[in-house]
Amino acid sequence: MKTIKGLILGSTAALLAVGGAQAADLPVKAKAVEYVKICSLYGAGFYYIPGTDTCIKIGGAIRLDTSFNAAAYDTPFWQGGAGGNNLWTKDYFITRERINLTTDTRTATEYGVLRTYANIQFDFSQNRESIAGGFTEVDYAFIQFAGFTFGKAVSQFDPQWALNKPYISSGFMAGSNNTTGIPQIAYTASFGNGVSATISLENASAYRNAGLWNTNTFITGPGASTFTGAFYGTNSNTFLGNAYGGNHIPDVVGNIRLDQAWGTLHFGAAMHAATPGFYGANEATGHADDKYGFAVNGAVEFKNLPTGAGDTLKLEATYAKGAAKYAIAGGTTDTSGGGRFAKVDGNTIGFGYVLDGVYTTNGQIIQSEAWSVAGFYEHYWNPAWRTSLFGSYSSISYGDGNALMLAAFQGLTTGGPGTSSSSAAASRAGTFAGTGNFDFAVAQIGTRTAWTPVKNLTLSAEFTYSRLEQNLNGTYTVNSMSGKPAGTLLNTSNQNLYNGSVQILRSF
């Protein structure tokens, strides 16, 4: 009995010892740590940066595009090369892949919200880059605090729906069309009931510098394969005529805006300075004075129209004197129509220039006048399908400057000071003989249909028709033009252009 009792007590002790050891080995359940905390102050997608009171939203998109009969992504073949000269060797289609990354941070302070925003694009264009090529661009990078905006943002001249137009194309000519941001210092005052006003200093170079033409020197010829015009910095695609000087003062821009549930109303104005280069090769030849131009615009947006939920109508009109790119932007590059237009079709050619003004030796700048109107309508057939219709008309005229421009193209003037007429003629891409003037216009109409099968995935297709209307009556004799033999005779005529795009967009 004693033996059995001892065995039972010994076994119990052993079990308790083992149980205690196992209990000591069990992990202690720690309190859950909230590594990411949702920030509901500024809408969906924001969360607190751990350890701070700053909210951040990270987003972006992957965008795949194929464009037909187009240059520089989806822009019509406006100028030069195989496309603008309508050669058999042109690209019939072009593809582009884009990665877009955005960051948006916001912190509540006693002065209001402190915000930073950045938008970076990584692009690869199959027909324009090497296999391992591509490029990076910073479209927006700004800080907002206590009513101020510092950095690269949408111009205060533009309606704030400038980035929400219902099309694919970046080759639309009318209006300011500022899709890549302009460096600025701006202050916005809010007066309640949706009324606000903004004043801004914006760095216009080279976004708003349309170009100046010193008519004692020949300018880039239409369809030229060699260029005699001046370009901005190292970007050989940004055409600035042949006589633009430095960037002396920023553009002064202001707006008054009304934001309501039914839509928005916007009025903008800008003062733009055009600085000429020297009359000749250096400062000894002198120069014309700076000339101050201006631009005004009005825009309205109507939301949730009677035609359907989500339907919108946007209208815009702009007038500019000596500030042409406020009315006819077409992007910031020459191939997008920012400085010159030219289209060859068979034995005909139509061409024109977007310039702030023209002048001649010992003369002052004669400013251009430009205006444009544009409209955008989008209809939702259902939540997944929508179709838009858009159109515009843009016009520029040169008044008394036409006589100088026509004489220069006809070869009736000599070169600039210290330049012989023969050497000036040798640098020309061609010579015009005839009558008329350099006033011209571009009309465009297009449509896009988009399908969103699931949230944040959109497939769309677009078609655009453009017409270049020019006022020159005569012939253009080719000296140097891509794909055209020297001596080719082209008759000046209005031109029709057609291009289209398809796109897949996945945003997040």
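Residues numbered from 1 in each chain as written. Predicted model: local features only at pLDDT ≥ 70, side-chain atom pairs only at ≥ 80, totals over all residues. Heavy atoms only, no water.

**Q** I'd like a description of the overall build of the protein chain, backed by residues and values.
**A** Secondary structure summary: the protein chain contains 4 helices and 28 strands in total. In the protein chain, buried positions account for 47% of the 508 residues. Across the protein chain, contacts joining residues at least 24 apart in sequence account for 69% of those joining residues at least 6 apart. Carbon and sulfur atoms form 62% of the exposed surface of the protein chain, whose accessible area is close to 23300 Å². (Helix = DSSP H or I, 4+ residues; strand = E, 2+ residues; numbered from the N terminus. Buried < 20%, exposed > 50% of the residue type's maximum accessible area, 1.4 Å probe, protein only. Contact = heavy atoms within 4.5 Å. Areas by Shrake-Rupley, 256 points an atom, 1.4 Å probe, with all protein chains shown as cover.)

**Q** Please give an account of the pattern of salt bridges that cites residues and values.
**A** Counted according to the given criterion, the structure contains 11 salt bridges. Between Glu469 and Arg467 there is a salt bridge, with its nearest N and O atoms 3.8 Å apart. The structure contains a network of salt bridges with shared partners spanning Arg96, Arg98, Asp123 and Glu137. (Salt bridge = Lys/Arg side-chain N within 4 Å of Asp/Glu carboxyl O.)

**Q** Hey, could you go over the sheet that holds strand S22 (residues 366–367) for me, with residue numbers and the actual values?
**A** An order of S12-S21-S22 is seen for the 3 strands of this open sheet, with the pairing classed as mixed. Unpaired on one side and paired on the other, strand S12 (212–214) and S22 mark the two borders of the sheet. The pairing of strand S21 (residues 357–359) with S22 spans 2 bridges and is antiparallel. Within S22, the residue paired with Gly357 across the bridge is Gln367. Sitting on the sheet, helix H3 (residues 401–410) is in contact with S12, S21 and S22, with an inclination near 65° to S21. (Pairing = 2+ DSSP bridges. Axes fitted to C-alpha atoms, helices over the stretch in contact; angles between N-to-C directions.)

**Q** Break down the state of the cysteines for me, with residues and values.
**A** Applying the stated criterion across every chain yields a total of 1 disulfide. The disulfide partner of Cys39 is Cys55, and the S-S distance across this bridge is 2.1 Å. When the S-S torsion is 80°, as for the bridge of Cys39 with Cys55, the disulfide is right-handed. Taken together, the residues Cys39 in the loop between strand S1 (37–38) and strand S2 (47–48) and Cys55 in strand S3 (residues 54–68) connect sequence positions 16 residues apart. Side by side, Cys39 and Cys55 carry an identical accessibility label, which is buried. (Disulfide = S-S within 2.5 Å.)

**Q** Any chance you could break down the side chain of Ser196 for me, citing the residues and the numbers?
**A** Structurally, Ser196 can be placed in strand S11 (residues 195–202). Accessibility expressed as a relative area gives 6% for Ser196, which makes it buried. Excluding anything up to four places from it in sequence, Ser196 contacts Thr188, Ala189, Ser190, Phe191, Asn255, Ile256 and Arg257.

**Q** An account of unusual backbone geometry is requested, with residue identities and associated values reported.
**A** As a rule of thumb, non-glycine residues mostly have phi less than zero, and peptide bonds are mostly trans rather than cis. Phi at Asn86 is positive, roughly 55°, even though this residue is not glycine. The residue Asn86 is located in the loop between helix H2 (81–84) and strand S6 (93–109) in this model. Look at Asn86 and you get partly exposed, because its relative accessible area is 33%. Unusually for a residue other than glycine, Ala146 sits at a positive phi of about 50°. Its place among the elements puts Ala146 in the loop between strand S8 (135–145) and strand S9 (148–153). By relative accessible area, which is 29% here, Ala146 ends up partly exposed.

**Q** An account of the pairing of S8 is requested, with residue identities and associated values reported.
**A** Bridge analysis of strand S7 (residues 112–125) against S8 gives 9 bridges, and the strand direction is antiparallel. Bridge pairing in S8 links Gln121 to Glu137. Pairing geometry for S8 and S9, over 5 bridges, is antiparallel. In the strand pairing of S9, Phe142 is matched with Gly151.

**Q** I'd like a description of the confidence of the model for the protein chain, backed by residues and values.
**A** Chain-level statistics for the protein chain give a pLDDT mean of 84 and a share of 83% at 70 or above. The low-confidence segment residues 331–337, where pLDDT is below 50, has 32 contacts with residues more than four positions distant or belonging to other chains. Segment residues 414–424: pLDDT under 50, and 13 contacts once partners within four positions in sequence are set aside and those in other chains are kept. (pLDDT = per-residue confidence, 0-100.)

**Q** Can you lay out the pairing of S11 for me, pointing to particular residues and giving the numbers?
**A** Across the two faces of S11 the burial differs, with Ser196, Thr198, Ser200 and Glu202 buried and Val195, Ala197, Ile199 and Leu201 not buried at all. Across 8 bridges, the pairing between strand S10 (residues 182–192) and S11 is antiparallel. Among the inter-strand pairings, Gln184 is bridged to a residue of S11, identified as Glu202. Here S10 hands over to S11 after 2 residues, with Asn193 in that stretch at a positive phi of 60°. Strand direction decides the pairing type here: S11 and strand S15 (residues 251–260), joined by 8 bridges, are antiparallel. Within the sheet, the bridge partner assigned to Ser200 lies in S15 and is Val253.

**Q** Give me the lowdown on the environment of Leu497, citing residues and values where you can.
**A** For Leu497, the position within the fold is in strand S28 (residues 495–507). In this structure the C-alpha to C-alpha distance between Leu497 and Trp78, which are 419 residues apart in sequence, comes to 8.5 Å.

**Q** Tell me about the packing of aromatic side chains, and name the residues and values.
**A** Under the counting rule described, the total for this entry stands at 27 aromatic pairs. Aromatic pair Phe148 and Tyr187: ring centres 4.8 Å apart, planes at 55°, arrangement tilted. Note that Phe148 is positioned in strand S9 and Tyr187 in strand S10, a separation of 39 residues in sequence. Where Trp213 meets Phe409, the ring centres are 5.9 Å apart and the plane angle is 85°; that geometry is what we call edge-to-face. In this pair, Trp213 is assigned in strand S12 and Phe409 in helix H3, connecting sequence segments 196 residues apart. Note on accessibility: Trp213 and Phe409 belong to one class, buried. An aromatic cluster of at least three residues, connected via ring pairs, comprises Trp213, Phe351, Tyr353, Phe409, Phe438 and Tyr476. (Phe/Tyr/Trp six-rings, centres within 6.5 Å; stacked < 30°, edge-to-face > 60°.)

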